[in-house]
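# Observations on the model geometry
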Amino acid sequence: MKNLWNDKEAEQFKGELAQRVYTSRLLGRDSSLVLHGGGNTSVKITETSITGRSEEILYVKGSGWDLVTIEEAGFAPVKMAPLLELAKLETLTDPQMVNELKTSLTLATAPSPSVETILHATLPYKYVDHTHADAIVAITNTDQGEAHIKKIYGDQVVVIPYVMPGFDLARLCAKLFATEAGSNTIGMVLLNHGIFSFADNAKASYDRMITLVNQAEAYLAAQDAWTISMPSTTPSSPDLVALATLRHDLSLAAGKAMIVTRDTSQIANDFVHHPDVTQLSQQGPATPDHVIRTKRLPMLGTQLGSYTDHYARYFSEHAPQAKDKKSMLDPAPRIVIDPDLGLLCAGQSIKDAFIVRDIYQHTIEVILRANALGGYQALSAQNLFDMEYWDLEQAKLKKGGTRPPFTGEVALVTGAASGIGHACVTSLLARGAAVVGIDLDNKVTQIHDRPDYLGIVCDVTQPKLLQQVLTATANHFGGLDMLVLNAGLFPGGCRIETLADEDWRKVMAVNLDANFSLMRASYPLLKLAPNGGRVVVIGSKNVPAPGPGAAAYSASKAALNQLARVAALEWGADHIRINSLHPNAVFDTALWTDDVLQARAQHYGLTVDQYKRNNVLQTEITSRDVAELAAELCGVLFAKTTAAQIPIDGGNERVI
Ligand code: ZN
């Protein structure tokens, strides 16, 4: 483990809180120390209150902040005096603790202070750093965990047996620290949980964390338990229908659509095929706060029914021992280990699924090292249950409020690099869907830089490439719920008598054949959409009202329209809805340059503005208007509508 302290960088962080920000970020940068919101840090600062009173304030990490990106605003300022009084109490319930922490803040807009706030307050050091270092949890999740820790550190650390985080842990730490800390003490190891370091300045506290963790890593190395070795395997390429089937079943078990992503890393693949995977994977997580993300156990194989039965038994066995009444969370697994499908990670969004993936990659390393040290042994099911069902932990998942309507769903948009397709991607992302955008133009890979968007360059007239797109979609997101058929060609005016075979075929290939191929290839996935599949066809006003000079275009769109109607009849029993939009005069696309617009307007003796609004409602139609309607067609408003054809043209006399 490298010490990332850099004098030049550190200089830019002036002041005690800024220094706290700097070293917190250093901890956050190393994923083997903290992961996704794990760990917490604090600093005690003496300040003058508005009435001129000098008081000591604990700035402690606010709930919901990640150490790697934390700012000064991410630290909650809590008055030390009431915290130290609280620490003397015999008992304090969670609601009482939350209330006391909140009412002891000096800033109304501060985030909620960490659940480990009182613990930070009781440690008599200015700077306190806490991580869930992989090396520490690997060593302490073994039978002889405590003995190993004592051998490594001697009197450098105080050892704390496992107690659930919160008030009880704070009390136990304060008690043991008071009796066991000596002049050599620079840290505290919490068995099965993590490690604390502390000092009177930010650098020293950070240095101590790195030193302590390095000692643990060196110990593992000396015990031949550091380097991970597994029989190497070649990555499998699972059947995409099998992937979508699993996602379908998992979503039903979860009671909501879920994103399921395949972890294709070497370590994940090797672990799936590890000869002892059954025993190794069925112990529990490396540190208890992972349980709200990963559930206690991964599912082995694809039998959802037996997993959820097992989960229900775990609930009914442990809920009666809980402090208050609990209701069962959804019983769906978040990690699936299957020899054919590989290692799959599930979450309500791809961000959640990636968090699960990152956590489990570290968990695999922890498990294998602990195993090499004498056998991986996670906390008891009851301890993990208490953590999984702890309201203060579950509250972390509920941050951010209600999720948008297409959360957990996956859409594919063709012709996504510009115009209506691009706008459809934006509208679907805004509604919470994960989106795959495909286009011939390689700009499609860059239109969004976010985990829920996947841009793929693809010639839609190549069925083989479409199949690859669907495979990538299933590997990345688990399946497909919505298909927006938008890619199309609109060649310039050419009358039938002069229309070349080649030009006719080119238009048919893109506007008709490609959509047929993609519909056919997508059907098995759409059929497995947990909320029912949806297809939106971007048609054209030319379907009900064709124009001269656009024979190939009008014919291709009309044929596509008929194809959609047949699909509505054939696929309705599979709960797949297919609806068409017929836009007209959408001018904010790449096709319509200023020059072309000018020329067309002039041709009709109109200004550009008049030309754009040349419809019954005298309104301009934008790509966004079409995209928003396309997205709504996939939503609950149209849940009982299929085979509809909706004009979006401002009213066209020939169509009316
Ligand atoms: Zn912790």
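In this report, the structure presented in the accompanying data block is examined.

Conventions used here
- Residues numbered from 1 in each chain as written.
- Predicted model: local features only at pLDDT ≥ 70, side-chain atom pairs only at ≥ 80, totals over all residues.
- Heavy atoms only, no water.
- Helix = DSSP H or I, 4+ residues; strand = E, 2+ residues; numbered from the N terminus.
- Buried < 20%, exposed > 50% of the residue type's maximum accessible area, 1.4 Å probe, protein only.
- Areas by Shrake-Rupley, 256 points an atom, 1.4 Å probe, with all protein chains shown as cover.
- Lys, Arg positive; Asp, Glu negative; His and termini not counted.
- Charge placed at Lys NZ, Arg CZ, Asp CG, Glu CD.
- Donors = N, O, S within 2.8 Å, 3.2 Å for Na, K, Ca; no water.
- Core = buried A, V, L, I, M, F, W, Y, C linked by side-chain atoms within 4.5 Å.
- Disulfide = S-S within 2.5 Å.
- Phe/Tyr/Trp six-rings, centres within 6.5 Å; stacked < 30°, edge-to-face > 60°.
- Lys NZ or Arg CZ within 6 Å of the ring centre and 35° of its normal.
- Pairing = 2+ DSSP bridges.
- Axes fitted to C-alpha atoms, helices over the stretch in contact; angles between N-to-C directions.
- Contact = heavy atoms within 4.5 Å.
- Parallel < 35°, antiparallel > 145°, perpendicular 65-115°, else oblique.

A word on the overall build of the chain. What the chain contains, in helices and strands, is 24 helices and 18 strands. Viewed in the frame of its principal axes, the chain has a C-alpha envelope of about 95 × 65 × 50 Å. The 656 residues of the chain split such that 55% are buried. With the model as given, the accessible surface of the chain reaches about 28,300 Å², and the carbon-plus-sulfur share is 51%. With 57 positive and 70 negative side-chain charges, the chain shows a spacing of 3 Å between the two charge centroids.

Moving on: the coordination of the zinc ion. Distances from the zinc ion to its protein donors, namely H130 (NE2), H132 (NE2) and H193 (NE2), fall within the range 2.1 to 2.2 Å. On the basis of relative accessibility, which here comes to 0%, the residue H130 falls in the buried class. What makes H193 buried here is its relative accessible area of 4%.

One finds Y153, I195, F271 and L343 to be the most contacted residues of the largest nonpolar core, which totals 66 residues. Per-element tally for this core: the top contributor is helix 9 (residues 202-222), with 9 residues. In this structure, L243, A244, L526 and A567 belong to the second largest nonpolar core, which totals 55 residues.

This part takes up the state of the cysteines. Here, disulfide denotes a covalent bond that connects the sulfur atoms of two cysteines. The tally for this structure, following the rule as stated, stands at 0 disulfides. Counting only cysteine sulfurs, C424 is the nearest neighbor of C458, a cysteine outside any disulfide, at a range of 17 Å. Cysteine C634 remains unbridged, with the sulfur of C424 as its closest cysteine sulfur at 8.7 Å.

Here we take up the packing of aromatic side chains. The tally for this structure, following the rule as stated, stands at 17 aromatic pairs. Where W5 meets Y22, the ring centres are 5.2 Å apart and the plane angle is 70 degrees; that geometry is what we call edge-to-face. Within this pair, whereas W5 is found in the segment before helix 1 (7-11), its partner Y22 is found in helix 2 (residues 16-29), the two being separated by 17 residues in sequence. Neither residue differs from the other here; W5 and Y22 are each classed as buried. Considering the side-chain rings of F385 and Y389, the 4.5 Å spacing of their centres and the 20 degrees angle between planes classify their relative orientation as stacked. A relative accessible area of 4% places Y389 in the buried class. Members of the aromatic cluster, each reached through a chain of ring pairs, are Y311, Y314, F315, F385 and Y389. Here R369 stacks its cationic end above the ring of W226, 3.5 Å away from the centre of that ring.

Let's shift gears to the pairing of strand 2 (residues 54-61). Across the 8 residues that make up strand 2, a large majority, 6, are buried. Direction of pairing for strand 1 (residues 40-48) relative to strand 2: antiparallel, over a ladder of 7 bridges. Looking at strand 2, one finds that I45 is bridged to I57. Following strand 1, the chain reverses through 5 residues before pairing antiparallel with strand 2; G52 in that reversal takes a positive phi of roughly 90 degrees. Relative to strand 3 (residues 75-79), strand 2 runs antiparallel, the two sharing 5 bridges. Across the sheet, the residue bridging to L58 is V78, located in strand 3.

It is worth spelling out the sheet that holds strand 2 at this point. Sheet architecture is open: 7 strands sit in the order 3-2-1-4-7-6-5, paired in mixed fashion. The open sheet is flanked by strand 3 and strand 5 (157-160), the only strands paired with a single partner. In this sheet, adjacent strand axes meet at a mean angle of 20 degrees when their direction is disregarded. For strand 6 (residues 187-190) and strand 7 (residues 194-199), the ladder comprises 4 bridges, and the chain directions are antiparallel. Counted as the bridge partner of M188 is F196 from strand 7. Taken strand by strand, helix 9 contacts strand 4 (127-131), strand 5, strand 6 and strand 7, and its axis lies near 145 degrees from that of strand 7.

Let's shift gears to the packing of helix 14 (residues 304-318) against helix 16 (residues 381-388). When two helices pack together, you describe them by how their axes are tilted relative to each other and by the distance separating the axes. Two elements in contact, helix 14 and helix 16, have axes separated by 10 Å at closest approach and are oriented at 90 degrees. Judged by the inter-axis angle, helix 14 sits roughly perpendicular to helix 16. Between helix 14, through Y311, Y314, F315 and H318, and helix 16, the contact on the second element is made entirely by A381, Q382, L384, F385 and E388.

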